[in-house]
Structure formats: structure tokens, C-alpha cells
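Survey of secondary and tertiary structure
Residue strings, one per chain:
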Amino acid sequence: MIISNEYIRHLQDGAKLVIHIIPLWSLEFGNSVDLSALNSWTGSDPFRPMSGGGYNTVFCADGKYAFSIPYNSNYVESSILFMRTGIVEVVDARMMNYKIELKETYQWCEIENLLNRKLADYSNLVDKFDIPKPWYISVCIANGKGYWTSSYGEDSEMLHSDYIQAVDVIWNDGQALSDIIQPCFDSLANAFGFSKSFIDFSQKQ
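Bear in mind the structure is a predicted one, so any value in this text is a computation, not a measurement.

Conventions we followed
Residues numbered from 1 in each chain as written. Predicted model: local features only at pLDDT ≥ 70, side-chain atom pairs only at ≥ 80, totals over all residues. Heavy atoms only, no water. Phe/Tyr/Trp six-rings, centres within 6.5 Å; stacked < 30°, edge-to-face > 60°. Helix = DSSP H or I, 4+ residues; strand = E, 2+ residues; numbered from the N terminus. Buried < 20%, exposed > 50% of the residue type's maximum accessible area, 1.4 Å probe, protein only. Lys NZ or Arg CZ within 6 Å of the ring centre and 35° of its normal. Disulfide = S-S within 2.5 Å. Contact = heavy atoms within 4.5 Å. Salt bridge = Lys/Arg side-chain N within 4 Å of Asp/Glu carboxyl O. 1 Å grid on protein atoms, 1.4 Å probe; cavity = no way out; pocket = protein on both sides within 12 Å on 5 of 7 lines; lining within 4 Å. Points joined across faces, edges and corners; volume = space filled by probe spheres on them.

**Observations concerning the packing of aromatic side chains**
The tally for this structure, following the rule as stated, stands at 9 aromatic pairs. With 5.4 Å between their ring centres and 75° between their planes, Trp 135 and Trp 171 make a pair best called edge-to-face. In this pair, Trp 135 is assigned in strand E6 (residues 135-142) and Trp 171 in strand E10 (residues 169-171), connecting sequence segments 36 residues apart. For the pair formed by Trp 135 and Trp 171, the shared burial category is buried. The ring of Trp 135 carries the charged tip of Lys 133 above its face, separated from the ring centre by 4.1 Å.

**A few points about the state of the cysteines**
Enumeration over the complete set of coordinates arrives at 0 disulfides. In this model Cys 60 remains outside any disulfide bridge; the closest cysteine sulfur is found in Cys 140, 19 Å from its own. Just so you know, Cys 140 is unpaired, no disulfide at all, and the nearest cysteine sulfur is the one on Cys 184, 10 Å from it.

**Quick word on helix H3 (residues 182-191)**
Most of H3 sits inside the fold, with 8 of its 10 residues counted as buried. Every buried residue of H3 is listed here: Gln 182, Cys 184, Phe 185, Asp 186, Ser 187, Leu 188, Ala 189 and Ala 191. Buried residues in H3 make contact with helix H1 (108-128), E6, strand E9 (163-165), E10 and helix H2 (177-180). Phi turns positive, to about 90°, at Gly 193, one or two residues after H3.

**Examining the pattern of salt bridges**
Under the defined criterion, the tally for this structure stands at 1 salt bridge. With its nearest N and O atoms 3.9 Å apart, the salt bridge here joins Asp 121 to Lys 118. Within this pair, Asp 121 and its partner Lys 118 are both found in helix H1, separated by 3 residues, close to a single helical turn. On the basis of relative accessibility, which here comes to 28%, the residue Asp 121 falls in the partly exposed class.

**As for empty space enclosed by the protein**
Gaps between atoms show up when a probe of the same size as a water molecule is rolled over them. Evaluation of the coordinates by the stated rule reveals 1 cavity of 30 Å³ or more. In this structure, the largest cavity encloses a volume near 40 Å³. Looking at the largest cavity, the residues that line it are Leu 17, Trp 108, Ile 111, Glu 112, Leu 115, Phe 185 and Leu 188. Taken together, the elements giving at least two residues each to the lining of the largest cavity come down to H1 and H3. Sorting elements by how many residues they give to the lining of the largest cavity places H1 first, with 4 residues.

Here it is as C-alpha cells:
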């Protein structure tokens, strides 16, 4: 569905960064959450798309959906779906299509920093519902063949495949996000020909 742009709302064409946070609790039969709690945040609201400006929300068959549509457009550039099972699905085309005609993304170091911040935000979202760890974290690039990027003046290689799957990680109790996420970020950077992520997670974030 995501690859073909057939989703809750029509998605922007081009490459997409797709994130899943899947608590193992969510896969147990009968487990669900009260989605009305998403309306009662105090302070910064983590239930918002990965990028873009203003956004709208709507309930749907799977849960609650927040999405950003550019001005005078009819497609979604960035979105998050919080499922009633507690699973989070994020789809972002905006950061992957800085210059869509050239298949150029925003600078990869910028995307990494945003992704790191948003993973922390979305973990707060899951925590709000007291969903226990372990959580499975998956990040991939869909429709990415031929896309390239740059960072600090260095151009990347082009992606060789339409589907790039990062190294999946399991987040257990007692671990910080920085303890477990480096292989995921390194593998995405490797796909573009970089030797490693531009974030050193061994340093205090």
C-alpha cells in the first residue's frame, strides 16, 4: 500500500522513509489502547508527522492518523498512524524528495538528526499508554532506487534498490535509545555509500 501510494490518504510520489515501532505486547491477541488519550497531551505533542508544517488528524479503521498536506496539494507528504494495538507507523516523503526531479533527498545528516529526535518523541507516545518493552524498531526506504543525498559537501552513491531495509533493533527495558540504534543508522548510511552514520551514539546525546 505504501509503495503504491494507496494509503489512508494519497501519499506523495517518490521515495519514502518508513518507520515502525512494534511492541511485542501489541502482537498478543486482544491487546488494545484507548485512542482518546491522544487528545489529552500537556506540553509538546509527539503525535505529529515526522516533518512538514501544519497537520490534520482523523480516526480510521486502524487507529488515529495525523498527516501533513502541502499548500495547494492533494497528497500527504508526512504522516503517523497510531494503531489501536499500540503499533506506530510513520511515512515521510518530504525529507526524501528535496529535489524530486533529481531524486535528491535533504542532506542525510539532517535526516538522521530529525529521525533520531522523532524516534525519541514516538517512544514517548508509546510510553504514554504504559505499553511494556521490548519494542521492535524497523526503518526502511521504499521506492528509493536511484536516489542520492549529500552531507557536509560529500555526495553519496545512488541507492541500488527500490527497497532498502535498515538493521532492525529490539529495545528492551533498561536501555536508552542511543544504546541500541547505532546499527540501524549505520546501515542506512552504508546504503548511500557512507562508511557510517553521521551521529556518534557513543557520545552523550
